[in-house]
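Observations on the model geometry
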Amino acid sequence: MKVTEKKLEDGLILLDAVVSTAEVSHALTMAQYGFAQQMGIQPQPGKPVAQAVEEQMGIKDLDAIVQQQAIEYLVPFAIDKRNIMPAYPPQPKAKEPLKRGQTFSFELRVAPKPEYELTSYDQVTITVPSLEVPESEVDAQIAQMAESYAEFVADEPHPVGAGDSMMLALEAFQGGKRIDNLSTDGRTYLMGMGLMPEAFESNLMGMEVGETKSFSFELPTGAGEQVETMDCTVTIKEIQKKIVPEIDDAWVEKNMPMYRNAAALRGGIADRIHADYMAQYEGFKMQMVAAELGKRFQGRIADEVYESMRSTLMSNLRGQLQQQGVPFEQFVESQGGEQQFGMMTMMQTREMLVQGYALDALFRHEKMTLTDEDIEAACRQMNPQNPKAARREMEESGRGFALREAAERMKANRWLLEHAIVNVEQPAVAE
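All values reported here derive from a predicted model rather than from experimental measurement.

Our focus in this paragraph is the nonpolar core. The biggest cluster of nonpolar side chains holds 33 residues, and the ones touching the most others in it are Val-53, Leu-74, Leu-98, Phe-104, Phe-106 and Leu-108. Secondary-structure elements contributing two or more residues to this core are strand E2 (13–19), helix H1 (21–38), helix H2 (49–57), helix H4 (67–81) and strand E3 (104–110). Broken down by element, the residue count for this core peaks at 7 residues, all from H4. If sequence neighbours within four positions are ignored, Phe-104 has contacts with Ala-17, Val-18, Val-19, Val-24, Ile-71, Leu-74, Ala-94, Glu-96, Pro-97 and Leu-98.

So this is what it looks like as structure tokens:
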């Protein structure tokens, strides 16, 4: 991609981009993949995305459908090419449609991110609570560990009742065909855990050890009113009880010999929890100093910037709620209604913008420079498990400028905390 820039009288920067035929083809292909993913279509190996979409949705010219998405895919590459940080995402304008086998030209009118100043660059002062790791957290993890090593052993025989555990043999058939993954010669079953439908468990109630019973029950399919009938034969082999081990020295020696004793195991768990708390604590202090620095911000933020940030926040929120299965309207209502939610969103948008601009100002004022280690640190925050993948994804999608901004702000934020006065509140002593 070839990109030229020209400064306009209104402060905007005009970018003219010329995209090669190979880049056009790649952009359209990436847009096709995005469309298929959105529609829940999984392309088969060796088969083009467009072919899979045509077979499943009847769309013959997928390029025409995804043309706008392909153009939007190209936009960040043009911005990154000129190393410009936009105040908000610009809208592309093109005279001709995007077509494979042809070069493509478009223009962007970019509003560069403004440079604000602060009323002071003196060190900030914050007060934070002391870091305390509740012993109850350690107790809970040890209890969870004990549960995971629990065993079921034979108990005194009695008729099957609610909440009982038992060893049973099961042969299950559907339409005369044996269901192998459900049938078993002996498996522990816990009543009331929802492992099988209620109709199945109701037939087990009152059965004695050694008793065999054949019955049928309806199995919901999740497809409207349709149900399927399951035929089965069950034998109660023994009533069982759960034995949860005590995590003592003998248990540790047998199951976790890497620890000297139970006290060492408890100490190791406490250390891991403390490390997690410490990471959260450092993040909390980073937020505190950034908020304090933001109080020194001066200047006016353009309406377009507000609207762009608010749109991004709403898009992210809707995506998170959709993953959780929570309707957006229900969430808004839980936050006090549209008016209250709107005020909260406006305040959050301004706070994020102000803190970001304040950190930008600090980075410039202290004449900081960005290193490769700073970039890696930002990627690690984005994806702690695979920071290299985060960097690759950002750079290959043309968002290197956004990655650099994130890295600069993180470096400034850490510098701010390192030079801050941090007062720690001591916990109150009970009388």
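Now that the structure is up, let's keep going.
Turning our eyes to something else, we now look at the packing of helix H13 (residues 387–396) against helix H14 (residues 400–418). Put simply, H13 and H14 touch, their axes get as near as 7 Å, and they point 130 degrees apart. On the basis of their axis angle, the class for H13 and H14 is oblique. Residues Arg-391, Met-394 and Glu-395 of H13 lie in contact with H14, whose contacting residues are Gly-400, Ala-402 and Leu-403. Here the contact of H13 with H14 is built from residues that sort into 3 nonpolar, 1 polar and 2 charged.

Attention now moves to the packing of aromatic side chains. The geometry of two aromatic rings is summed up by the distance between their centres and the angle between their planes. What the rule picks out here adds up to 12 aromatic pairs. Ring centres 6.3 Å apart and planes at 45 degrees place the aromatic pair Phe-215 and Phe-217 in the tilted group. With respect to burial, Phe-215 and Phe-217 carry one shared label: buried. Considering the side-chain rings of Phe-331 and Phe-341, the 6.0 Å spacing of their centres and the 90 degrees angle between planes classify their relative orientation as edge-to-face. With Phe-331 in helix H10 (residues 328–334) and Phe-341 in helix H11 (residues 338–365), this pair connects stretches of sequence that are 10 residues apart. Classification of Phe-331 by relative accessible area gives partly exposed; the value is 21%. Taken together, the aromatic side chains of Tyr-189, Phe-200, Phe-215 and Phe-217 make up a single cluster linked through ring pairs. Between the NZ or CZ atom of Arg-318 and the centre of the ring of Phe-328, over which it lies, the distance is 3.7 Å.

Sites flagged by UniProt as "domain: Trigger factor ribosome-binding bacterial" (unreviewed entry) map to residues 1–145. The annotated region residues 1–145 carries 39% helix and 19% strand content, and the separation between its end C-alpha atoms amounts to 56 Å.

To continue, consider the pairing of strand E5 (residues 125–129). Alternating positions in E5 separate cleanly, Ile-126 and Val-128 being buried on one face and Thr-125, Thr-127 and Pro-129 remaining unburied on the opposite face. Looking at chain direction, E5 and strand E13 (residues 421–425) are connected through 5 bridges and run parallel. Counterpart to Val-128 in the pairing with E13 is Val-424.

Okay, the side chain of Ser-397 next. Its place among the elements puts Ser-397 in the loop between H13 and H14. Note on Ser-397: relative accessible area 15%, which makes it buried. There is a polar contact of 2.8 Å between the side chain of Ser-397 and the backbone oxygen of Glu-393. Not counting residues within four places of it along the chain, the set of residues in contact with Ser-397 comprises Pro-76 and Phe-77.

What follows concerns the packing of helix H8 (residues 262–294) against H11. Packing of H8 against H11 leaves a shortest axis separation of 8 Å and a crossing angle of 85 degrees. Considering the angle they form, H8 stands roughly perpendicular to H11. Contacts from Ala-290, Ala-291, Leu-293 and Gly-294 of H8 reach H11 at Val-354, Gln-355, Ala-358, Leu-359 and Leu-362. Considered class by class, the residues forming the contact of H8 with H11 number 7 nonpolar, 2 polar and no charged.

As for its placement among the helices and strands, Lys-113 is situated in the loop between E3 and strand E4 (117–118). Among the polar contacts listed, one links the side chain of Lys-113 to the side chain of Asp-360, at a separation of 2.9 Å. In contact with Lys-113, not counting residues within four places along its chain, are Met-85, Pro-86, Ala-87, Tyr-357, Asp-360, Glu-405 and Arg-409.

With that settled, consider H8. With 33 residues, H8 extends 48 Å from end C-alpha to end C-alpha; this agrees with the ideal 48 Å at 1.5 Å per step. You can read the cap of H8 off the contacts: a side-chain oxygen lies 3.2 Å from the backbone nitrogen of Ala-263, and it is on Asn-261.

Moving on, we get to the sheet that holds E3. Pairing in this open sheet of 3 strands is antiparallel, and the strands run E1-E2-E3 from one edge to the other. This sheet does not close on itself; its edge strands, each paired only once, are strand E1 (2–7) and E3. Averaged over all pairs of adjacent strands, the angle between their axes in this sheet comes to 15 degrees, without regard to strand direction. Two elements, E2 and E3, share 7 bridges in a ladder whose sense is antiparallel. Bridged to Ala-17 within E3 is Phe-106. Relative to the sheet, H4 contacts E1, E2 and E3, its axis offset from that of E3 by approximately 65 degrees.

You can read the domains of the chain as domain 1 (2–110), domain 2 (125–131 + 257–425) and domain 3 (151–243). Taken together, the contacts link 12 residues of domain 1 with 12 residues of domain 2. Regarding the contact of domain 1 and domain 2, the summed buried area is about 920 Å², with carbon and sulfur atoms giving 62% of it. Counting the surface domain 1 buries against domain 2, the share from its top three residues, Asp-80, Met-85 and Tyr-88, is 48%. The interface formed by domain 1 and domain 2 includes 1 salt bridge. With a shortest N-O distance of 2.7 Å, Arg-404 and Asp-80 are connected by a salt bridge.

Moving on, we get to the UniProt feature "domain: Trigger factor C-terminal" (unreviewed entry) in the chain. Using the residue numbers shown here, the UniProt feature "domain: Trigger factor C-terminal" (unreviewed entry) corresponds to residues 269–418. Helix makes up 82% of residues 269–418 and strand 1%. Its end C-alpha atoms lie 29 Å apart.

Cut-offs and rules
- Within any chain, residue numbers begin from 1 and follow the written order of that chain's sequence.
- Predicted model: local features are reported for residues with pLDDT of at least 70 only, side-chain atom pairs are reported and counted for 80 or more only, and whole-chain, interface and lining totals are derived from all residues.
- Computation of side-chain values: all heavy atoms of the structure, hydrogens and water removed.
- To qualify as a nonpolar core, a set must consist of buried Ala, Val, Leu, Ile, Met, Phe, Trp, Tyr and Cys residues joined through side-chain atoms within 4.5 Å.
- For each residue, the accessible area found with a 1.4 Å probe, counting protein chains only, is set against the maximum for its type, and the residue is called buried under 20%, exposed over 50%, and partly exposed in between.
- The way it works is that DSSP assigns letters per residue, a run of H or I at least four long becomes a helix, a run of E at least two long becomes a strand, and they are numbered from the N terminus.
- In what follows, residue pairs with any heavy atoms lying within 4.5 Å of each other are defined as contacts.
- Think of each axis as a best-fit line through the C-alpha atoms, taken over the contacting stretch in the case of a helix, with angles from 0 to 180 degrees between the N-to-C directions.
- Here roughly perpendicular refers to angles of 65 to 115 degrees, roughly parallel to angles under 35, roughly antiparallel to angles over 145, and oblique to all remaining angles.
- Note on residue classes: Ala, Val, Leu, Ile, Met, Phe, Trp, Tyr, Cys and Pro are nonpolar, Asp, Glu, Lys and Arg are charged, and everything else, Gly too, is polar.
- Here is the rule: rings of Phe, Tyr and Trp (six-membered ring for Trp) pair when centre to centre is within 6.5 Å. Planes less than 30 degrees apart are stacked, more than 60 are edge-to-face, and the remainder are tilted.
- Only Lys NZ and Arg CZ are tested; either one counts as a charge over a ring when it is within 6 Å of the ring centre and within 35 degrees of the ring normal.
- UniProt positions are given in the numbering used here, feature names are shortened, and annotations may be inferred rather than shown by experiment.
- Strand pairing requires that DSSP identify at least two bridges connecting the strands.
- For the purposes of these results, a polar contact is taken to be a pair of N or O atoms within 3.5 Å, where, inside protein, one atom must be able to donate a hydrogen and its partner to accept one; residues adjacent in sequence count only when each atom of the pair is a side-chain atom.
- A helix is expected to span 1.5 Å multiplied by its residue count minus one.
- All the domain ranges listed were derived from an automatic or database domain assignment.
- What counts as buried area is the accessible surface, traced by a 1.4 Å probe, that two parts surrender upon association, with contributions from both included.
- We define a salt bridge as a contact between a side-chain nitrogen of Lys or Arg and a carboxyl oxygen of Asp or Glu at a distance within 4 Å.

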